[in-house]
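Notes for the structure review
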Amino acid sequence: MSALDPIDETEAAALLRVAERFAVAVTPAMRALIDPTDPADPIARQFAPDVAELIEDPEELSDPIGDASHSPLPGIVHRYPDRVLLKPIKACPVYCRFCFRRETVGPGNKGLSAEQLEAAIAYIATRPEIFEVILTGGDPLALSARRLSDILARLFAIPHLGIIRIHTRVPVVQPERITAAMAKALRGDKPVYVVLHANHAREFTPQARAALARLADAGLPLLGQSVLLRGVNDSETALADLFRAMLTARVKPYHLNHLDKARGTGHFRVPLQEGQALVAKLRGRVSGLAQPTYILDIPGGHGKVPVGPVYAQPTEDGGWQVTDPWNCRHDYREG
Ligand SMILES: *Cc1c(COP(=O)(O)O)cnc(C)c1O
Ligand code: SF4
């Protein structure tokens, strides 16, 4: 008999097909966090390929939030008048199994060439309505400190830019990259906000906390964004623990994203109604600082909107009915 029984062989072949379709990578820090005895480990679930990824729903999209339709030139997504995404790199140190850009990020995808970066920066420099540049990708902190500070210096030199934002998962998945030199490279003439992507309290290891402390001590405001994920953080306790872990690492929870409809991600989906109920349970139970806005990015590139519970409803007599955190209703009158 071979070492693999027939079922395992089928599964191994299926996993190979997953890996051919969507990039796979996990860092030593995340590998070390996985409990191999737990078949439902929330860290493994985020990074280990799963045969369920081969199941695609016709509703799912290769570009779920419509990046391409708002991209005037390579590396730029301009959907809102006052802010643009700048994507200098298309690789990440890990590949999240639910990634909304999973069909455009991966080790085989090249980042911007020097000429393309030049053109992208010229696009920003010639549009005074742009207040904010959001570096994303891929993971911008996978770039070297030298390349990052070069890009940032060119952005700092654009007078009409008010702030720069960096979307990253590096401080938790590869904390050793956040050296003092990296933290220093992010400091400059304009405020740089770092938005950390993290989905489970266990991601906040002592090493991740130290990396975040280096960024906070360098004077960078830290915000958190998370994705609501089946089997990772789809309970009141998991969410409360996650947002408290962020706060104790000096990260203010900013967005809780409803899962985008990327291909092969159905096994992570939590219905919107269930998401609203979870978010409602946190209100009144944990600190107001631990309440991110629950966000849906409307498929097709129509923008992000809050989709959390509604607490104030107009009544027929011109007043309001307001629901408190314990689900009791109260009349509210103005004037
Ligand atoms: C998500 C996103 C932003 C940022 O939205 P905020 O609500 O400001 O966090 C900006 N541009 C594009 C194209 C986006 O997808
Ligand atoms: S870090 Fe972000 S861009 Fe990279 S794989 Fe995860 S979700 Fe996608």
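Please refer to the structure higher up on the page.
First, a word on scope: everything that follows refers to the structure included in this document. In this text the structure is predicted, and so the values were computed from the model without any measurement. (Residues numbered from 1 in each chain as written. Chains lettered and ligands numbered in written order. Predicted model: local features only at pLDDT ≥ 70, side-chain atom pairs only at ≥ 80, totals over all residues. Heavy atoms only, no water.)

**Notes on the site of ligand 2**
Taken together, the residues surrounding ligand 2 are Cys92, Val94, Tyr95, Cys96, Cys99, Arg169 and His197. The class makeup of the residues in the shell around ligand 2 is five nonpolar, one polar and one charged. (Near = heavy atom within 4 Å. Nonpolar A, V, L, I, M, F, W, Y, C, P; charged D, E, K, R; others polar.)

**Quick word on the site of ligand 1**
Taken together, Ile65, Val77, Arg79, Tyr80, Arg83, Leu85, Ile134, Arg165, Tyr254, His255 and Lys304 form the complete shell of residues around ligand 1. Interatomic distance of 2.8 Å between a side-chain N/O atom of Arg165 and an oxygen atom of ligand 1. Between Tyr254 and ligand 1, the recorded distance is 2.7 Å, taken from a side-chain N or O atom to an oxygen atom. Isolated, ligand 1 exposes 390 Å² of accessible area, and the fraction of that covered by the protein chains is 91%. For the shell around ligand 1, the secondary-structure elements that each account for two or more residues are strand E1 (76-80), strand E2 (83-86) and strand E7 (252-257). Per-element tally for the shell around ligand 1: the top contributor is E1, with three residues. Taken together, the residues of the shell around ligand 1 sort by class into six nonpolar, one polar and four charged. (Polar contact = N/O pair within 3.5 Å; in protein donor to acceptor, adjacent residues only side chain to side chain. Areas by Shrake-Rupley, 256 points an atom, 1.4 Å probe, with all protein chains shown as cover. Helix = DSSP H or I, 4+ residues; strand = E, 2+ residues; numbered from the N terminus.)

**Let's talk about the sheet that holds strand E11 (residues 320-323)**
Sheet architecture is open: three strands sit in the order E10-E11-E12, paired in antiparallel fashion. Every other strand in the sheet has two partners, leaving strand E10 (312-314) and strand E12 (329-332) as the edge strands with one partner each. Strand after strand, the sheet turns through a mean of 25° between neighbouring axes, direction not considered. Two strands pair when backbone bridges link them, and E11 and E12 are joined in this way by four bridges, in the antiparallel orientation. Residue pairing in the sheet places Trp320 in a bridge with Tyr332 of E12. (Pairing = 2+ DSSP bridges. Axes fitted to C-alpha atoms, helices over the stretch in contact; angles between N-to-C directions.)

**Some remarks on the packing of helix H9 (residues 236-248) against helix H10 (residues 272-282)**
Here H9 crosses H10 at 60°, and the two axes come no closer than 10 Å. On the basis of the axis angle, H9 is oblique to H10. Where H9 crosses over H10, the two elements pack in a sense that is right-handed. Along its contact with H9, which presents Glu236, Leu239, Ala240 and Phe243, the element H10 presents Leu278, Lys281 and Leu282. (Parallel < 35°, antiparallel > 145°, perpendicular 65-115°, else oblique. Left-handed = near helix turned anticlockwise from the far one by under 90°. Contact = heavy atoms within 4.5 Å.)

**Some words on the pairing of E1**
With four of five residues buried, E1 is to be regarded as a mostly interior element. As judged from the three bridges shared by E1 and E2, these two strands associate in the antiparallel manner. Within the sheet, the bridge partner assigned to Tyr80 lies in E2 and is Arg83. Between the antiparallel neighbours E1 and E2 lie two residues. (Buried < 20%, exposed > 50% of the residue type's maximum accessible area, 1.4 Å probe, protein only.)

**A closer look at H9**
Here H9 is 13 residues long and its end C-alpha atoms lie 18 Å apart, about the 18 Å a rise of 1.5 Å per residue gives. Buried residues of H9: Ala238, Leu239, Ala240, Leu242, Phe243, Ala245 and Met246, and no others. Along its buried surface, H9 packs onto helix H8 (206-217), strand E6 (222-227), E7 and H10. Backbone geometry just after H9 places Arg250 at a positive phi near 65°. (Expected span 1.5 Å × (residues − 1).)

**A word on the pattern of salt bridges**
Charged atoms that come close allow side chains of opposite charge to pair. Per the counting criterion, the structure on display carries 23 salt bridges. Linking Arg21 and Glu103 is a salt bridge whose minimum nitrogen-to-oxygen distance equals 3.4 Å. Separated by 82 residues along the polypeptide, Arg21 in helix H1 (residues 6-21) and Glu103 in the loop between E2 and helix H4 (114-125) bring together distant segments of the chain. One salt bridge in this structure joins Asp317 and Arg333, with 2.7 Å as the shortest N-O distance. (Salt bridge = Lys/Arg side-chain N within 4 Å of Asp/Glu carboxyl O.)

**Describing the packing of aromatic side chains**
What the rule picks out here adds up to one aromatic pair. Sitting over the ring of Phe22, Arg102 keeps its end group 3.5 Å from the ring centre. (Phe/Tyr/Trp six-rings, centres within 6.5 Å; stacked < 30°, edge-to-face > 60°. Lys NZ or Arg CZ within 6 Å of the ring centre and 35° of its normal.)

**Regarding H4**
The end-to-end C-alpha distance of H4, which contains 12 residues, comes to 16 Å, matching closely the 16 Å that a straight helix rising 1.5 Å per residue would cover. Listing the buried residues of H4 in full gives Leu117, Ala120, Ile121, Tyr123 and Ile124. The buried residues of H4 occupy an angular sector of 150° when the element is viewed end-on, so they sit on one face. Opposite the buried face of H4, at more than 90 degrees from it, the exposed residues are Ala114 and Glu115. Close packing links the buried residues of H4 with E1, E2, strand E3 (132-135) and helix H5 (145-156). (Arc of directions from axis to C-beta.)

**Brief notes about the pairing of strand E9 (residues 303-306)**
Pairing of strand E8 (residues 293-298) with E9 involves four bridges; the strand directions are antiparallel. When the sheet's bridge partners are listed, Asp297 is paired in E9 with Lys304. The hairpin formed by E8 and E9 contains four residues between the paired strands, and Gly300 there has a positive phi angle of roughly 100°.

Bear in mind that shape data such as this cannot, by itself, settle questions of function.
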